[in-house]
Structures are given as structure tokens and as C-alpha cells.
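Here is what each chain is made of, one letter per residue.
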Amino acid sequence: MAAPKKGRRAPASQGHPGRTLLLVLIAMAGLIGGMFYSGTMTPRLGIDLAGGTSFTLAAQNQPGKPNAINETNMKTAAGIMERRVNGLGVSEAEVQTQGTDHIIVNIPKGTDAKQARQQVGTTAKLGFRPVLTTTAGTKTPEPKPNPSKGGANGKAPGDKAAGDPAKDKPGTEQKASSSQSPDAKPTTQGRAVTDALKKAPSAKPTPSAPAKPTTPAVPPTPGADIPPALQKQLNALDCASKQSRATAGEKAANSKPSDPIVACKDDGTQKYVLGPVGVEGTDVSDAKAVFDSQQGQGWIVQMDFTSNGGKKFADVTGKLAAKAPPQNQFGIVLDGAVVSAPSVSNAINGGNATISGGFTQQSAEDLGNMLSYGSLPLSFKIDDETTVTAALGGEQLHAGLIAGAIGLALVVIYLVAYYRGLALVALASLMVSAILTYTIMTLLGPTIGFALNLPAVCGAIVAIGITADSFIVYFERIRDEIRDGRTLRPAVERGWPRARRTILVSDFVSFLAAAVLFIVTVGKVKGFAFTLGLTTVLDVIVVFYFTKPLMTMLARRAFFADGHSWSGLDPKRLGAKPPLRRRRGAAPTQTKEA
Amino acid sequence: MSKLGNIGARLYRGEVGYDFIGKRKIWYGISILITITAIVGLAVRGLNMGIEFSGGAVFTAKTSASASQAQHYAESAAGGHQAVVQKLGGGSVRIQISGMDTKQALPVQEELAKDLKIPVKDVNTQLVGPSWGEEIANKAWLGLGIFMVLVVLYLAIAFEWRMALAALIALIHDLTITVGVYALVGFEVTPGTVIGLLTILGYSLYDTVVVFDSLKEASKDLTKQNRFTYSEVANRSINSTLVRSINTTVVALLPVAGLLFVGGGVLGAGMLNDISLALFVGLAAGAYSSIFIATPLVADLKSREPQMKALAQRVKAKRAAAAAKEASQEDTEDPGPAPADAEDGAAVVGPRHQPASRNRGRGRPSGKRR
């Protein structure tokens, strides 16, 4: 059974070792050429080696949407995050999904981690909810003086409301005010909003008649059919401190879209009872800040809806427009906090709308960003955030390289001591393997976004052992054959099929481990598994197409074939039987056993 | 080296060798003892889980502040959370605060930076949510499960189910020992450890598979002869691959040692250290188990087969006969546990050949043996 195999194999492997070697060299040259061509000479470094910040975000299950975590939603979320992070002006930020429910965001050094974290981590879920009632943000509402600034702010949108319909696009009749005025103190801002909101509704029938601002809606408008439980929640809600707002926001963010919620204004000046989500954030297809010079409205935010979202929005605004203040407002709720609560005067058809009033460029752009990118289909929590300074990154890279060098040196010393001349073959193979690994890693950077991180370096170092082991298996086989009394050339050929099988079987197991790890795990483990898998595959390629042909060629050299004492194949040292017994006829008989 | 080569040759021919199979009970006993120790250690001491598993923050920064100063700052900044300060090489301190939410960590970072008088951006930070480590661990378990099923299937197809079973037992044995060492010594368990542990999977089996491969080859036509029992062939397989096993282990351990040296010595704590530590322990256990546990287990299982039982009896009968014959002739050649030596005698006729010359006796006009 083995004999025919041998017949099949011999011409293939023994026939043209030079050609196979040449092939490998050409492949290597090609890879190196590719490296030059693409202009990337070093592998892309991961955050832990180059410095930067890396976030691992986990999608969270939400009540009412048990199957929300799926591939489509994850991809959408990753895409949104990417746009958002790159919107920060970060170059080369990368966002990728991993596994079923994780997103990894890597931001290279030189970026403010805090800002990035806010962009990535906090903005998650956006929805438009009708306002049922509103009151000042503190626990015990107290009347406040009407600051002049707030008044001014409040007036502006009202005035705009007058001029708007004529000027704006047909569909954008929506007048609203926003509280975005960075230099205003929270309280004044709150006033401003309320004023504006009050104004806008009164302007509803005839937009040109702004009502005089009154004191904010404290206490909450009676008559609204607010369930007592919600009313109680509203009274208990404290929007005064950052901490309590965060808690409230979390609670609100985690409630079902179909349930009414109580929520704080993001600056804590107002609190709201909001109805079920009327339009999802995902229904906004685009939103941008525009400077309206013609109408003198200053910065406004234009929103475009998807066709479905446009219908829903028209429906919702139609209903809202018919109501009395403050119930003609809708709250734009982001992560459980009300970002803006514009009021509606008419049903807004046509799939787009404008929000105007008191924006600065910054605040308009922020809101635009949130509206267009804030519509993540899922909510996320930060599982891991790692910031590595460039200094430490360099240090770690350095340490990894030193470790690799030490490991390699030790292996080389051992191999030379044990295998002598044969070690040359092993070293050449290791080198080819190293070059292949390096070039492929480098080329994988631009193509699939592979980044070399510390675990990957670790995997590569561990792989030295696996690669060297393949040579050991083969060398031991050859030596065994020589011990059986063969000369080198037949020993090299005869040892190969058996060594090959062992190498394949063991490499397969190793590859299996790497593949399973790569598919199942997240984050750092993945980088490690990838390197391990890559090097295992390369190991097989190198042994098959480099080591074996090289061995075949070297076997023809006198130094090895005659068993020079430094060749590592000296029959005497190996304890081979004296050549006397090496009868020609013996070989075929024994092939059967192989 | 020449001596080593010689030993290699003699091991290969079976002239020298350690009776791994015969003494398996001792090694089983040792392994069981180690495993029990590991399990007890795990149960009593538990694992020292890193902050990745409990949630918390690690800050690393270069600073001129002394460890005690840093400790003071850390405690005041941590506000009730436990802070551990460690001085690293190169004038850095590593401050680890456990049980902290990712959201709470940010102000702490700022405060620390202020206390240590360094810019915030020069502080290396790792913030971990409390469920992150668990998630990594869960995924690792999942991977482990899938891998084990696949590998058992593969080995069962490529070899046979007994080998698959033995390999699996050896694998579990390695993992238990490694985890046990972690529990007993109190090394911190981090995602790096998990990575190391998972790598052991591949490596431990890698070793085992090579021995099995040689065993499979050696035992191919075993039932057609009646000179050696399965156990003897298995023992020779171990011995003949012993040099390779040792070489492989050494070559695998050397780079890991390099990692460990650099990870522990140069960088202080960190991922390199964690991975290499787990690897080091696991590799050693893996080399041990493939030789002392996996193959003897296969031999044990295999010997229960009726065919192999019959073979063992035939071998016994034949040896008894041969012994009687030789005894009646004149002197020696110890029949019992040294079949290899006996075989060497026969080999004078033709070249000796591995493995275990199963069927050589048949095709040859020798007649000397009978």
C-alpha cells in the first residue's frame, strides 16, 4: 500500500527541487515587491504598540426588542460610529464589529480620549417622543426670574417663526427653538427654551404673532392626562446634578420605546414626561447644520427623513400641531436625555424639517451630528477602554521585539548545537518563514485592516516553536532513516512522506485551535489567534515548498551526503548500522512498512 | 552531542528505553495526585482574578513620585475603592483600582494625573467594565468546548476513538494542572492568561498527536504478528519519538522563556508576562502528559480489545516457548521485557528497521527464530 505511494511521490518531490525553491523565492519576491508597491514597509501597529485609545463596546439587549442584536444592526451601528469618530477629525480611526455583539473602536494617538469616548460611548439611541408635560428641572420647582438673555433667546425663534414658512423649503415648516447657546447658564437656557416653546405654539395659527414669554411651565400643565405614577416619577425626578441626570438618563434609555418616560433636559433645566416614541432616530436619514443667511436665522439644523420616517413624522407632527402647549412639542431624546424639544405648528410633510433658534455653529453641528449619526439601532456599554501613550506603546513594541530576538537566538543556538549543519536548513527555513510572515502581515494592514498588537507579537514568537518543530520532525525522520543504514539521499526522500503526515496532522490541530479561537473570541485573543493561524499555514507552506526541496538539494552535496561530522547527519554519530548491511534489495521490502 | 545522538539512535532502536507503559500506574498516580492538588488548590484558594474580571481601572504612568506617595494619591483618588500600587522598571508606577465602573474612572484618572503632576494624556489607562472579563472567559469556554468536540472528532477519524479519548483526557489534565498552578501560586488571571491557556490546547495536542502518529504507524499490522503486544509497541513509539518530544518541548519553551524574561524583567507586569507564564506551565504539562498519560491510556484502552488480548496471549505463549527452547539449548537471551533486544539479534540478517519490525519475521527465510 505504501509502495505505490512512494512511486507517485518520488518524481514529484525529488524531481525538481530547484524549481520549487525558485517558486518560493519568486513568491517571496512578489510579496516584497507588493510591499514596496503599496508603500507600506512595516505592519500596521495596533493601539497597544503605537499608542492611542481602544474601546470595546458591547451591545446590550433592550426590553421589547429581544432580537435587536443582529448582524445588520451591528453593522449599521459600527458604520455610524465610524462616521461619528471620523467626524471628530480623527484620522485612521477604525471601527469594526467582532463576534456577534461587540464593536471595537481604535483611535490612534493624538486624539482626546475623553472626547472620543463621548462620541462613541454615550450617543446611542435617538427617538422623537411627544411631550406630555414639562416642568423645571429641579426636584422642587421654584419660580425663577426671567433673565434677559433667556428672553432674547426666546424671542429670536419666535421672530423666525414668523418669517419662516415663506422662505423655507415647502416641507420645512417646522418652527422650533433649541436651547443650544453655549454661553448661557443652564437656568437661563432653560428659560429660553420654555419661552420659545411657549411662543411657538401661540404662533401656530398665525406665525407672525409671537406671544409674550411667560414664566416657565411650573407647575406642570394640569389637564394633561398624565397617569399618577408618571406624575409621581416626574415630581421625584431630579435633574439638578450631573450624577442624578445620568441615572435618570440610563433609566429612561432602558425603557421600552412604546412606554412613556420621564426625562431630563440634557442640561438639567427642564424635565419632561414624554409619550411613546413617535419617530425612531433611525428614521432620520441625514441632518446637518446650515447657516441661514437669507432669513437671518443664524444656524439651523436641517433634517431629512427616510420615506417611511417622513410619513411617521408627518403623522406625529399632525397630531401634535392640534394640541395645546406644551403638548405640541416633541422631545428629541438621545440616550434618555432630551436634547431639544421643539414645538410644532403644522403637520410637517415632505420628509424633511428644520429646527431653528438660538444655535451657535457648534451647537447646530452637534445636534446635526447627533441626529444623523445618533441613530444607532442598538445601545452599547463600554466594556473595556485602553489608552496607551505612544511612549508605552513603543516600549511594548521594543520589549516584544527583544523577546522575539531572545527566543529566536535561543532556538538557533539549540538547533545548531543539536543539529549542526542541518541547523542551516532550519535557519534558512525559519528565515523564509519570518520574511513571509512579515510581508503578509504588512500587506494585510492596508487590505483587511490587520493591525499587529502585543498578543499578535506573542503569537508570532510562540510560532517560532511550532515552525521549528516541523523541521525537528523531519530531521528526526531523516536521521532515523540513516540509522536504518540508508544513505542521505534515499533517507531524505523516504523520511519525507512520514514526516509530512506528522507535520500535517499536528499543524492541522494547531490550526484548528487558532481557527476556533479566531471565530469565537473577541478583542486581543483574536489577534493572537490570527497570528497563530497564519504562521501555522505558513509553516506548512515553508516545510513543503522550501525545507523539503532544500533538503533534497543539499543531500546531493558531499558535505551532507558523506555525513561530515559537522553536517549533523554523520551516520557514525547517529549510531547507524555499518553500511555493510545496507543492501540494495532491502529497501523495497521495507517500504511496505512505511 | 554525539552522545545525545547515540542515545537517540539507541532509543530509536529500542536498545535503551524507559518502560513508560509498564510503569504507567505510577505516572497515573502522580498525575491524579497533581490533579487533585490542583483541584483542591482551586477550591480552597480560588483564582486571583485580575481587574479585567472584576472591573476596575489600571493607570500606568512615568512619575517621580515614590510608591508610597503614589499609594497615597491613589487611595485618595479612588475614593473608597481598593487601590494597589506597584513600582515598575523605568520609573513608572502602575496603579490598579478594582471594583470601579468605567464611568467613575475618568475623574479618578484626572485627579491622579494632577496629583502626580503629569499631563492626563501621558497616563496609560485601562478601564474595564465588570462583565468584560467574564465575557472573554465565557467566549474562551465556548471556544474550548467547540475545539474539544472538533478535535475529538478529527482524532477519532484520523486515528481512532481511543486515541481521541486519551488525547482529550491528557488535554483536560494539562488545563487542570495549569489552572491549579495559578490557584496555588496565586498568579493573577487576566485575559492574557486565558490566551495562554487556549494556546496550550493546540500545543498539548500537537505533542500528543506526534506520538500517536508514530504509534499508529507502528501498530498498523500488529495483529498479523505475534512477537509484540500493543503495549510494547506503544512503549517503543514513545521511546522512539522521545528525542523529538524533548526537542520540540525545548524549542517551544525557549521563545516562551524569552517572552517570560522580557515580560517579567523588562516590562514588569503585562500581557506578555501573562501569556508566557500560562504557556510555560501549560507546555511543560503538555509534554509530560503526551508521554506519560496519553499514550499509556491508549495502550490501556487498546489492550482491552479482544484482538489485542488474543495477541498478548499469543505473544506470551510464543515467548514462553522460545524461552523454553533457549533454556534447553544453553544460555540466555532474556525473553520477557526486552523484546527489542531479541529482535536485534534477528536483525543481523538484514537491516533493522523501525517500527518494531512487525512483519519482518514472516517474509524472511530466516528460520533462525523457530
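Novice: Run through the overall build of chain A, naming residues and quoting values.
Specialist: The number of helices and strands found in chain A is 19 helices and 13 strands. Residue burial in chain A is summarised as follows: out of 594 residues, 55% are buried. Looking at chain A alone, contacts between residues at least 24 apart form 79% of all its contacts between residues at least 6 apart.

Novice: Lay out the overall build of chain B in plain terms, naming residues and giving numbers.
Specialist: The secondary structure content of chain B amounts to 14 helices and 6 strands. By residue count, 50% of the 370 residues in chain B fall in the buried class. For chain B, the proportion of contacts with a sequence separation of at least 24, taken over those separated by at least 6, is 75%.

Novice: Please give an account of the confidence of the model for chain A that cites residues and values.
Specialist: Residue and element names in this part refer to chain A. Looking at chain A as a whole, its pLDDT mean stands at 70, while 67% of the residues score no less than 70. A low-confidence stretch, residues 140-223 stays under pLDDT 50, and its non-local contacts, those more than four residues away or across chains, total 193 contacts. Taken together, the stretch residues 580-594 has pLDDT below 50 and engages in 21 contacts with residues farther than four places along the chain or on a different chain.

Novice: Give a description of the sheet that holds strand 5 (residues 124-128) of chain B that names residues and reports values.
Specialist: Overall, antiparallel pairing links the 8 strands, which are arranged 2(A)-3(A)-1(A)-13(A)-5(B)-2(B)-4(B)-3(B) in an open sheet. The outermost strands of the open sheet, each flanked by one partner alone, are strand 2 (94-98) of chain A together with strand 3 (83-87) of chain B. For this sheet, the mean angle separating the axes of adjacent strands, direction not counted, is 15 degrees. Pairing of strand 2 (residues 56-62) of chain B with strand 4 (residues 92-98) of chain B involves 7 bridges; the strand directions are antiparallel. Bridge assignment links B:Gly56 to a residue of strand 4 of chain B, and that residue is B:Ser98.

Novice: Which residues make up the environment of B:Arg94, and what values go with them?
Specialist: All names here are of chain B. Relative to the elements of secondary structure, Arg94 occurs in strand 4. Overall, Arg94 belongs to the partly exposed group, with 19 C-beta atoms counted inside 10 Å. It is 6.9 Å that separates the C-alpha atoms of Arg94 and Val58, two residues lying 36 residues apart in sequence.

Novice: If you had to explain the packing of helix 15 (residues 488-520) of chain A against helix 8 (residues 191-218) of chain B to someone new, which residues and values would you point to?
Specialist: Running from N to C, helix 15 of chain A and helix 8 of chain B cross one another at 155 degrees; their axes reach a closest spacing of 9 Å. Taken together, the axes of helix 15 of chain A and helix 8 of chain B lie roughly antiparallel to each other. Judged by the sense of rotation from one axis to the other, the crossing of helix 15 of chain A with helix 8 of chain B is right-handed. In contact with A:Arg498, A:Arg501, A:Thr502, A:Val505, A:Ser506, A:Val509, A:Ser510, A:Ala513, A:Ala514 and A:Leu517 of helix 15 of chain A, helix 8 of chain B contributes B:Leu198, B:Leu201, B:Gly202, B:Leu205, B:Tyr206, B:Val209, B:Val210, B:Asp213 and B:Glu217.

Novice: Run through the confidence of the model for chain B, naming residues and quoting values.
Specialist: One rule of thumb: low pLDDT means the predicted coordinates there are not for detailed reading. Residues and elements named next belong to chain B. Of the residues in chain B, 78% reach a pLDDT of 70 or more, and the chain-wide mean stands at 74. When the criterion is pLDDT under 50, residues 332-354 qualifies, and its contacts beyond four places in sequence or with other chains add up to 44 contacts. Here residues 366-370 scores under 50 on pLDDT; set against residues more than four positions off or in separate chains, the count is 6 contacts. With pTM at 0.65, the complex prediction returns an ipTM value of 0.73.

Novice: Tell me about helix 16 (residues 524-554) of chain A, and please be specific about residues and values.
Specialist: All names here are of chain A. The end-to-end C-alpha distance of helix 16, which contains 31 residues, comes to 42 Å, matching closely the 45 Å that a straight helix rising 1.5 Å per residue would cover. Roughly 40 degrees is the biggest bend found in helix 16, and it falls at Val543. Of all 31 residues in helix 16, 24 are buried, a share of seventy percent or more.

Novice: Hey, could you go over the nonpolar core for me, with residue numbers and the actual values?
Specialist: With 169 residues, the main nonpolar core has B:Ala74, B:Leu112 and B:Ala167 as its most contacted residues. Aside from chain neighbours lying at most four places away, what touches B:Ala167 is B:Leu155, B:Leu205, B:Thr208 and B:Ala294. If you look at the next biggest cluster of nonpolar residues, it comprises 44 residues, including A:Cys239, A:Val273, A:Leu320 and A:Phe359.

Novice: Any chance you could break down the environment of B:Ser76 for me, citing the residues and the numbers?
Specialist: Examined against the element boundaries, B:Ser76 turns out to sit in helix 4 (residues 67-78). Separated by 39 residues in sequence, B:Ser76 and B:Asp115 place their C-alpha atoms 9.9 Å apart.

Novice: Now, about helix 6 (residues 132-158) of chain B: what can you tell me, with residues and values included?
Specialist: The terminal C-alpha atoms of helix 6 of chain B, which comprises 27 residues, lie 38 Å apart, in line with the 39 Å expected from a rise of 1.5 Å per residue. Among all positions in helix 6 of chain B, only B:Trp132, B:Gly133, B:Glu135, B:Ile136, B:Lys139, B:Ala140, B:Gly143, B:Leu144, B:Phe147, B:Val151 and B:Leu155 are buried.

Novice: Which residues make up the pairing of strand 3 (residues 102-108) of chain A, and what are the values?
Specialist: All names here are of chain A. Of all the 7 residues making up strand 3, 6 are buried; the element is thus mostly covered by neighbouring parts of the structure. Relative to strand 3, strand 1 (residues 52-60) runs antiparallel, the two sharing 7 bridges. Across the sheet, the residue bridging to Gly52 is Pro108, located in strand 3. Bridge count between strand 2 and strand 3: 5 bridges; the pairing is antiparallel. Note that in strand 3 the partner of Gln98 across the bridge is His102.

Novice: Which residues make up the packing of helix 14 (residues 454-483) of chain A against helix 16 of chain A, and what are the values?
Specialist: All names here are of chain A. At their nearest, the axes of helix 14 and helix 16 sit 8 Å apart, and the two run at 30 degrees to each other. The orientation of helix 14 relative to helix 16 falls into the category roughly parallel. For the element pair helix 14 and helix 16, the recorded crossing hand is right-handed. On the side of helix 14, the interface is formed by Pro455, Ala456, Cys458, Gly459, Ala460, Val462, Ala463, Ile466, Thr467, Ser470, Phe471 and Tyr474, while helix 16 contributes Lys524, Gly527, Phe528, Phe530, Thr531, Leu532, Thr535, Thr536, Asp539, Val543 and Thr547.

Definitions and limits used
Residues numbered from 1 in each chain as written. Chains lettered and ligands numbered in written order. Predicted model: local features only at pLDDT ≥ 70, side-chain atom pairs only at ≥ 80, totals over all residues. Helix = DSSP H or I, 4+ residues; strand = E, 2+ residues; numbered from the N terminus. Buried ≥ 20, exposed ≤ 12 C-beta atoms within 10 Å, placed from the backbone. Contact = placed C-beta atoms within 7 Å. pLDDT = per-residue confidence, 0-100. Pairing = 2+ DSSP bridges. Axes fitted to C-alpha atoms, helices over the stretch in contact; angles between N-to-C directions. Parallel < 35°, antiparallel > 145°, perpendicular 65-115°, else oblique. Left-handed = near helix turned anticlockwise from the far one by under 90°. Expected span 1.5 Å × (residues − 1). Bend = angle between axes of the 7 residues up to and from the residue. Core = buried A, V, L, I, M, F, W, Y, C linked by C-beta atoms within 7 Å.

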